[in-house]
Amino acid sequence: NNDMNMVALNGEEEAYSLIENELDIKPLRLGYMPIDMKFYEVQTGEGYVTVIFRYGDDFVYLVESKYGKEVSYNYKSDTIAEEEHDVYNKWLRKSLKIKKETLTNKKEAFETSVITDGACYRLLGIVEEEAFQKMVEELSF
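Overview of the structure. Predicted, not measured: the structure shown is a model, and the values here were computed from it. (Residues numbered from 1 in each chain as written. Predicted model: local features only at pLDDT ≥ 70, side-chain atom pairs only at ≥ 80, totals over all residues. Heavy atoms only, no water.)

1. Here we look at the pattern of salt bridges
And step 1. Counted by the stated rule, this structure contains 9 salt bridges.
And step 2. For Glu-13, the salt bridge goes to Arg-29, with nearest N and O atoms at 3.0 Å. You can see Glu-13 sitting in helix H1 (residues 12-23) and its partner Arg-29 sitting in the loop between H1 and strand E2 (37-45), a full 16 residues away along the chain.
And step 3. Linking Asp-117 and Lys-26 is a salt bridge whose minimum nitrogen-to-oxygen distance equals 3.9 Å. Here Asp-117, found in the loop between strand E7 (108-116) and strand E8 (119-126), pairs with Lys-26, found in the loop between H1 and E2; they are 91 residues apart in sequence, far enough to count as distant. (Salt bridge = Lys/Arg side-chain N within 4 Å of Asp/Glu carboxyl O. Helix = DSSP H or I, 4+ residues; strand = E, 2+ residues; numbered from the N terminus.)

This is the structure:
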């Protein structure tokens, strides 16, 4: 869709500064990234910024929005099964719900969201469960 702009940045640190400046919210940062996961690009839209990471042939999206509600971004059409479990994040001092979707191509997509101080943050993508869980545990401001 047309309201997305590509922003050329060198890495996630610049993306976090952009989030702070553009959206005036605290950027939620990834404290852990799997070794093969690399910063890919940033997209900005009306009231949100998406930091995109490349992971093998797949992508992981960190969506940060200044609205206290979720911007929908899902793989629904391809979902075979869904399950959820909670993971405790000691930095945020809260339990985050991880939703797992098994896609028709047998890949597994994971998603979690944090809504705090009138801002909404979502982490989603196709990645191993263990890696995603560790990413969720290490999210921090």
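2. A closer look at the environment of Thr-112
And step 1. The residue Thr-112 is located in strand E7 in this model.
And step 2. Thr-112 gets classed as buried once you look at its relative accessible area, which sits at 2%.
And step 3. Through-space distance from the C-alpha of Thr-112 to that of Glu-84 is 9.6 Å; in sequence the pair is 28 residues apart.
And step 4. Within the structure, the side chain of Thr-112 is placed 2.8 Å from the backbone oxygen of Lys-97, a separation counted as a polar contact. (Buried < 20%, exposed > 50% of the residue type's maximum accessible area, 1.4 Å probe, protein only. Polar contact = N/O pair within 3.5 Å; in protein donor to acceptor, adjacent residues only side chain to side chain.)

3. A closer look at the packing of aromatic side chains
And step 1. Using the criterion set out here, one finds 5 aromatic pairs in the structure.
And step 2. On the numbers, 5.1 Å between centres and 55 degrees between planes, the contact of Tyr-40 with Phe-59 is tilted. In this pair, Tyr-40 sits in strand E2 while Phe-59 sits in strand E4 (residues 58-65), placing the two residues 19 residues apart along the sequence.
And step 3. Ring centres 5.3 Å apart and planes at 70 degrees place the aromatic pair Tyr-121 and Phe-141 in the edge-to-face group. Of this pair, Tyr-121 sits in strand E8 while Phe-141 sits in the segment after helix H2 (129-137); the two residues are 20 residues apart in sequence, bridging distant segments of the chain.
And step 4. The class of Tyr-121 is buried, set by a relative accessible area of 3%.
And step 5. An aromatic cluster is built from Tyr-40, Phe-59 and Tyr-61, whose rings are joined through pairwise contacts.
And step 6. The ring of Phe-141 carries Lys-26 above its face, with NZ or CZ at 4.8 Å from the centroid.
And step 7. Above the face of the Tyr-40 ring, Arg-54 is positioned so that its terminal group lies 5.9 Å from the ring centre. (Phe/Tyr/Trp six-rings, centres within 6.5 Å; stacked < 30°, edge-to-face > 60°. Lys NZ or Arg CZ within 6 Å of the ring centre and 35° of its normal.)

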